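Understanding the architecture of this molecule
One-letter residues, chain by chain:
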Amino acid sequence: MRRTIRTLALDEVESLVDWAAAEGWNPGLGDAVAFKAADPEGFIGAFVDGEMVAGISAVAYGDDFGFIGLYICRPDRRGEGHGKAVWDAGLARLGDRTIGLDGVVEQQANYRSMGFAPVYRTIRFVGSPDVPAEADSDIHAIRPELMPDVLDYDGRFFPAPRRSFLEHWLRPPHMALAIVKDGVIEGYGVARRCRDGCKIGPLFSNSLDAASRLFAALAGISGPGNVHLDVPETSGQFAARLTSAGLEPGFETARMYRGKAPQLTQSGVFAITTLELG
C-alpha cells in the first residue's frame, strides 16, 4: 500500500465536507468555498491508489494561531494509519502556533495526550424556534460598507484576523445581520442553509439582550425547519432562552488548545462560527 499526503483541491474539500455530513455534523451547503478561502493550503488528504481515504483541515490564521477540524478517515479504511498520517501532517503544517480544535467527547482523552487542554464545553442546540417576528430598527443586513467595522468587531471574539474567510462567510446566500446603534456595532450573526435546516454561527454581541434579538431576527429569516447553534457553556443564560424558545441540547464538544489559550471576550460569544474552523 502506497499512501500519498497532499493539499486538497476545492472539489476534494467538498468531498471532505460531505464526509462530515455523513458523520452527522450537519455542515452548510456551501461551506467548502468559504473554508478554502480561509487558507487555500489548509486542507490535507491521504490518498491510496488515487482515492482519498482520510482528510483534515489545518487552517493557519496568520503566524500565531491555527485550527484543526474535519478530521475524518473513510469508514472502510479505518485502522490502517491514514488518520494518523493526516493528523501528523496537519500539526506539522501549523508548527509552533497555538492550535485550537473542537473535540468530540470520545476523542478528548486522545487530544489531551497530545498536549491539548480543554477550555470550555460547547453544546449543539437544535429545534424549530418559537420566537416573535418583530421589526427591529437596529438590525441591518451586513453590506459592504459595514464590512470594515464587522472585521474589527470580530477581532474581539476570534483569536486572529480572518478577512478572507469573512468576505465569503458574510455574503449571500448566507444571511448576515448586525445590530448597529448610533453608528456602532453591538453584535452580529450569520445564518446559513445546512443539510438539515439552518445553522447560526457566529453569534457575537455585547449583551444577552442583543444576542437574543439577533437570534430572533436570524431565525425569522431562516424560514421553517430546524435551527442549529453551537453554544459555549459560558453562555448559560442564552442557552436557557434557547430552551424556552423550543430548542433542545444535543451533542457536545470541548474547545481545546495546544499552546497558550487566546485571551478573548468570551462573554460575547453566544454561538461559535463553526466546529470545523473555529
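Here is a short report on the structure shown in this document.

Cut-offs and rules
- Residues numbered from 1 in each chain as written.
- Predicted model: local features only at pLDDT ≥ 70, side-chain atom pairs only at ≥ 80, totals over all residues.
- Heavy atoms only, no water.
- Helix = DSSP H or I, 4+ residues; strand = E, 2+ residues; numbered from the N terminus.
- Rg over C-alpha atoms; globule rule 2.2 N^0.38 Å.
- Buried < 20%, exposed > 50% of the residue type's maximum accessible area, 1.4 Å probe, protein only.
- Contact = heavy atoms within 4.5 Å.
- Phe/Tyr/Trp six-rings, centres within 6.5 Å; stacked < 30°, edge-to-face > 60°.
- Lys NZ or Arg CZ within 6 Å of the ring centre and 35° of its normal.
- Polar contact = N/O pair within 3.5 Å; in protein donor to acceptor, adjacent residues only side chain to side chain.
- Pairing = 2+ DSSP bridges.
- Axes fitted to C-alpha atoms, helices over the stretch in contact; angles between N-to-C directions.
- Parallel < 35°, antiparallel > 145°, perpendicular 65-115°, else oblique.
- Left-handed = near helix turned anticlockwise from the far one by under 90°.
- Nonpolar A, V, L, I, M, F, W, Y, C, P; charged D, E, K, R; others polar.

So, on to the overall build of the protein chain. A tally of regular secondary structure across the protein chain gives eight helices and 13 strands. The C-alpha radius of gyration of the protein chain comes to 18 Å, within 12% of the 19 Å expected for a compact globule of 278 residues. Expressed as lengths along the three principal axes of its C-alpha atoms, the size of the protein chain is roughly 60 × 35 × 35 Å. The burial tally for the protein chain puts 54% of its 278 residues in the buried class. In the protein chain, once contacts between residues fewer than 6 apart in sequence are set aside, the share between residues at least 24 apart is 74%.

As enumerated under the stated definition, the model contains 16 aromatic pairs in all. Ring geometry for Trp 87 against Tyr 111: centres 5.5 Å apart, planes inclined by 20°, an arrangement best described as stacked. Highlighted residues: Trp 87 in helix H3 (residues 82–94) and Tyr 111 in helix H4 (residues 108–113), separated in sequence by 24 residues. Each member of the pair, Trp 87 together with Tyr 111, is buried. When the centroid spacing of 6.5 Å and the interplanar angle of 70° are considered together, the rings of Tyr 153 and Tyr 188 count as edge-to-face. Placement of the pair is Tyr 153 in helix H5 (residues 147–154) and Tyr 188 in strand S9 (residues 184–193), with a sequence separation of 35 residues. Here the aromatic residues Tyr 61, Phe 65, Phe 158 and Tyr 257 are joined through ring pairs into a cluster of three or more. In this structure, Arg 6 packs its charged tip against the face of Phe 47, placed 3.9 Å from the ring centre. Over the aromatic face of Phe 158 sits the side chain of Arg 162, whose NZ or CZ is 3.8 Å from the ring centroid.

Bringing the side chain of Asp 230 into the picture now. By the element assignment, Asp 230 lies in strand S11 (residues 227–232). At a separation of 2.5 Å, a polar atom in the side chain of Asp 230 contacts the side chain of Arg 124. For Asp 230, the residues in contact, after removing those within four places along its chain, are Thr 122, Ile 123, Arg 124, Lys 199, Phe 270, Ala 271, Ile 272 and Leu 275.

In this section: the environment of Ile 185. Along the chain, the position of Ile 185 falls in strand S9. The sequence separation of Ile 185 and Asp 138 amounts to 47 residues, and the corresponding C-alpha distance is 9.6 Å. Ile 185 has contacts with Leu 146, Asp 149, Val 150, Tyr 153, Ile 179, Val 180 and Asn 206, leaving out every residue within four places of it along the chain.

The buried fraction of S9 is high, at seven of ten residues. Two strands pair when backbone bridges link them, and strand S8 (residues 175–181) and S9 are joined in this way by seven bridges, in the antiparallel orientation. Looking at S9, one finds that Met 175 is bridged to Ala 191. Between S8 and the antiparallel strand that follows it, S9, lie two residues; Asp 182 among them carries a positive phi value of about 55°. Sheet topology places S9 next to strand S10 (residues 198–205); six bridges connect them, and they run antiparallel.

In the contact formed by helix H1 (residues 10–22) and helix H2 (residues 31–38), the axes pass within 9 Å of each other and the chain directions differ by 120°. On the basis of their axis angle, the class for H1 and H2 is oblique. Here the hand of the crossing between H1 and H2 comes out right-handed. Residue-level inspection shows Leu 10, Val 13, Glu 14 and Val 17 of H1 in contact with H2, the latter providing Ala 32, Val 33, Phe 35 and Lys 36. Split by residue class, the contact of H1 with H2 holds six nonpolar, no polar and two charged.

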